Amino acid sequence: RSNATENELMLLRDPTQRRFLQIFVAALLFRLLFLVAWTYRFPMEWGGAELGMVVVNLYEGRGFSSPLSRGDEPTAFFCPLIPGLWSVLLHLTGGPTGRGAEAMVFLQSVPSALAVAIYWLIAKRVASRWAGTAPYFAYIVSVLTLVSPESLLRLAAGGWYYVWQE
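Everything numeric here is computed off the predicted structure, so don't read it as measured data. (Residues numbered from 1 in each chain as written. Predicted model: local features only at pLDDT ≥ 70, side-chain atom pairs only at ≥ 80, totals over all residues. Heavy atoms only, no water.)

**Q** Would you mind going over the packing of aromatic side chains in detail, with residue names and values included?
**A** Inspection of every chain in the model, using the stated rule, returns three aromatic pairs. Seen in terms of ring centroids, Trp38 and Phe42 are 4.8 Å apart; in terms of plane orientation they differ by 45 degrees. Their pairing is tilted. Note on Trp38: relative accessible area 25%, which makes it partly exposed. With centroids separated by 6.1 Å and ring planes inclined at 45 degrees, the aromatic side chains of Trp120 and Tyr139 adopt a geometry described as tilted. Pair noted here: Trp120 is in helix H5 (residues 98-129) and Tyr139 is in helix H6 (residues 137-147), with a separation of 19 residues, a long-range link. Taken together, the ring pairs connect Phe34, Trp38 and Phe42 into an aromatic cluster. (Phe/Tyr/Trp six-rings, centres within 6.5 Å; stacked < 30°, edge-to-face > 60°. Buried < 20%, exposed > 50% of the residue type's maximum accessible area, 1.4 Å probe, protein only. Helix = DSSP H or I, 4+ residues; strand = E, 2+ residues; numbered from the N terminus.)

Shown next as structure tokens:
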């Protein structure tokens, strides 16, 4: 076996890393199922306010510009990573349509699910340092993060930037 294969097997043997991956996958599936139900009930339309306009301007070839309307006046209103990512997504989905909005929302489920797993890991480490903390404290934190209305509704409403900052 190669060293890379042995390292991958070692990664899966560590119970904390394995549980982290399981929590991430479970949170991702939960979020995707929630979004399928949400978008079925409430069809998506393009929006996004200021960030949405910067993305549309990028998509339409006017550069990183004008967060308040279509235009070509340069702006530094947002850091360029997220608008750039959404602009690429618009190119892949055919423009600022409901389909583009749905793709953006579904893509956001990945960092949102990752946040659930990271919160579990943080809570696990905090609990290990506090005497008398229940052994399932980290799971309570991750479940509360998983089903938090703030987290789910911001994800479903196309919270744009916020899910990536979570």
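**Q** So what's going on with H6? Residues and values would help.
**A** All buried positions along H6 are accounted for by Ala138, Ser142, Thr145 and Leu146. Taken end-on, H6 shows its buried residues confined to a sector of 105 degrees, consistent with a single buried face. (Arc of directions from axis to C-beta.)

**Q** So what's going on with the packing of helix H2 (residues 15-41) against H5? Which residues, and what values?
**A** Taken N-terminus to C-terminus, the directions of H2 and H5 make an angle of 145 degrees; their axes are 8 Å apart at the nearest point. The interaxial crossing formed by H2 with H5 has right-handed handedness. (Axes fitted to C-alpha atoms, helices over the stretch in contact; angles between N-to-C directions. Left-handed = near helix turned anticlockwise from the far one by under 90°.)

Worth remembering: the numbers are spatial, not functional.
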